[in-house]
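Residue strings, one per chain:
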Amino acid sequence: MPSRRPTPKPSRVELPQDVVHKLAASDLDEEDAELMRVLPITAAQAEGLKLPSATRGFKLPYFDVHGKLTDFFRVRYMEDTRKGFDKLTTKKPIKYGQPYDTVNEVYMAPFIDWSVLVDDPTTPLLITEGELKAACATKHGLPTLGLGGVWCFQSKKHGTSLIEGLAQFNWK
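Just so we're clear, the structure is a prediction, and the values are computed from it rather than from any experiment. (Residues numbered from 1 in each chain as written. Predicted model: local features only at pLDDT ≥ 70, side-chain atom pairs only at ≥ 80, totals over all residues. Heavy atoms only, no water.)

**Q** So what's going on with a negative patch on the surface? Residues and values would help.
**A** On the surface, a cluster of negative charge is made up of Glu14, Asp27, Asp29, Glu30 and Glu31. Locating Asp27 in the fold gives a position in the loop between helix 1 (17–24) and helix 2 (30–36). Residue Asp27 is classed as partly exposed on the basis of its relative accessible area of 38%. (Patch = residues over 30% accessible without salt bridge, like charges linked within 9 Å, V, L, I, M, F, W, Y side chains within 5 Å. Areas by Shrake-Rupley, 256 points an atom, 1.4 Å probe, with all protein chains shown as cover. Salt bridge = Lys/Arg side-chain N within 4 Å of Asp/Glu carboxyl O. Lys, Arg positive; Asp, Glu negative; His and termini not counted. Charge placed at Lys NZ, Arg CZ, Asp CG, Glu CD. Helix = DSSP H or I, 4+ residues; strand = E, 2+ residues; numbered from the N terminus. Buried < 20%, exposed > 50% of the residue type's maximum accessible area, 1.4 Å probe, protein only.)

This is the structure we're talking about:
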């Protein structure tokens, strides 16, 4: 497994306790959140991000294989976004959102140097649904790529059968 990525520490952001508990449920602590650049957002901030729901949560920015932030992010909502009749008829609340008209990306937790794995088909890579699961597994020595959903390896709307983040890896 590649070594832990030496990334400069961003300034610490105070996270609400429910966010800290949500991260802890995935065996992630505040130091991990700092490396992952997790940011709490208010409902007003969410509204400005062109998300499907304007409710508070936390922003999960994505990184490229070199550990640089991309423009893509998803938000983990911390409140039930359903209203009225939807609450009665919809079984599960929406947990995550991303800005409209964005192409899916692959979540690569900033705990390792992914660039050494791109051309190395001998190192097993795991793929899972969800950024927090991917971060937890990677933190514990299992290089794991995260997808926003089970069909997020592609983008039908944008005519992509395999998103760029996955296509750059040598899968042979």
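**Q** So what about the environment of Asp64? Which residues, and what values?
**A** In this structure, Asp64 sits in the loop between strand 2 (57–63) and strand 3 (69–77). In this structure, Asp64 is in contact with Thr70 and Met108, ignoring residues within four places of it in sequence. (Contact = heavy atoms within 4.5 Å.)

**Q** Describe the sheet that holds strand 2, naming the residues involved and giving the relevant values.
**A** One open sheet accounts for four strands, arranged 1-2-3-4; its pairing is antiparallel. On the outer flanks of this sheet lie strand 1 (39–41) and strand 4 (96–97), each paired with one strand and no other. The pairing of strand 3 with strand 4 spans two bridges and is antiparallel. Note on strand 4: the bridge partner recorded for Val75 is Gly97. Together, strand 2, strand 3 and strand 4 form the strand contacts of helix 5 (residues 131–139), whose direction differs from that of strand 2 by roughly 60°. (Pairing = 2+ DSSP bridges. Axes fitted to C-alpha atoms, helices over the stretch in contact; angles between N-to-C directions.)

**Q** Break down a nonpolar patch on the surface for me, citing the residues and quoting the values.
**A** A cluster of nonpolar side chains, contributed by Ile127, Leu162 and Trp171, occupies part of the molecular surface with about 280 Å² of accessible area. Relative to the helices and strands, Ile127 resides in strand 6 (residues 126–129).

**Q** Requested: an account of the pattern of salt bridges, with residues and values cited.
**A** Counting across every chain of the model gives four salt bridges. With its nearest N and O atoms 2.4 Å apart, the salt bridge here joins Asp18 to Arg56. Of this pair, Asp18 sits in helix 1 while Arg56 sits in the loop between helix 3 (43–48) and strand 2, and the two are 38 residues apart along the sequence. When its relative accessible area of 25% is taken as the criterion, Asp18 is described as partly exposed. Between Arg74 and Glu131 there is a salt bridge, with its nearest N and O atoms 2.5 Å apart. In this pair, Arg74 is assigned in strand 3 and Glu131 in helix 5, connecting sequence segments 57 residues apart. Taken individually, Arg74 and Glu131 each receive the classification buried, so the pair is uniform in this respect.

**Q** Mind laying out the environment of Pro99, listing which residues take part and the relevant values?
**A** Looking at the secondary structure, you find Pro99 in the loop between strand 4 and strand 5 (107–108). What makes Pro99 buried here is its relative accessible area of 12%. Separated by 27 residues in the primary sequence, Pro99 and Phe72 place their C-alpha atoms 8.5 Å from one another. With near-sequence residues (within four places) excluded, Pro99 lies in contact with Leu49, Lys50, Leu51 and Phe73.

**Q** Outline the packing of aromatic side chains, supporting the account with residue identities and numerical values.
**A** Evaluated as defined, the whole model comprises four aromatic pairs. Plain terms: the ring middles of Trp114 and Phe169 are 6.5 Å apart, the flat faces sit at 90° to each other, and that makes the pair edge-to-face. Of this pair, Trp114 sits in the loop between strand 5 and strand 6 while Phe169 sits in the segment after helix 6 (164–167), and the two are 55 residues apart along the sequence. Each member of the pair, Trp114 together with Phe169, is buried. Judged by relative accessible area, Phe169 falls into the buried class, the value being 4%. Looking at Arg76, its charged tip hangs above the ring of Tyr96, at a distance of 5.5 Å from the centre. (Phe/Tyr/Trp six-rings, centres within 6.5 Å; stacked < 30°, edge-to-face > 60°. Lys NZ or Arg CZ within 6 Å of the ring centre and 35° of its normal.)

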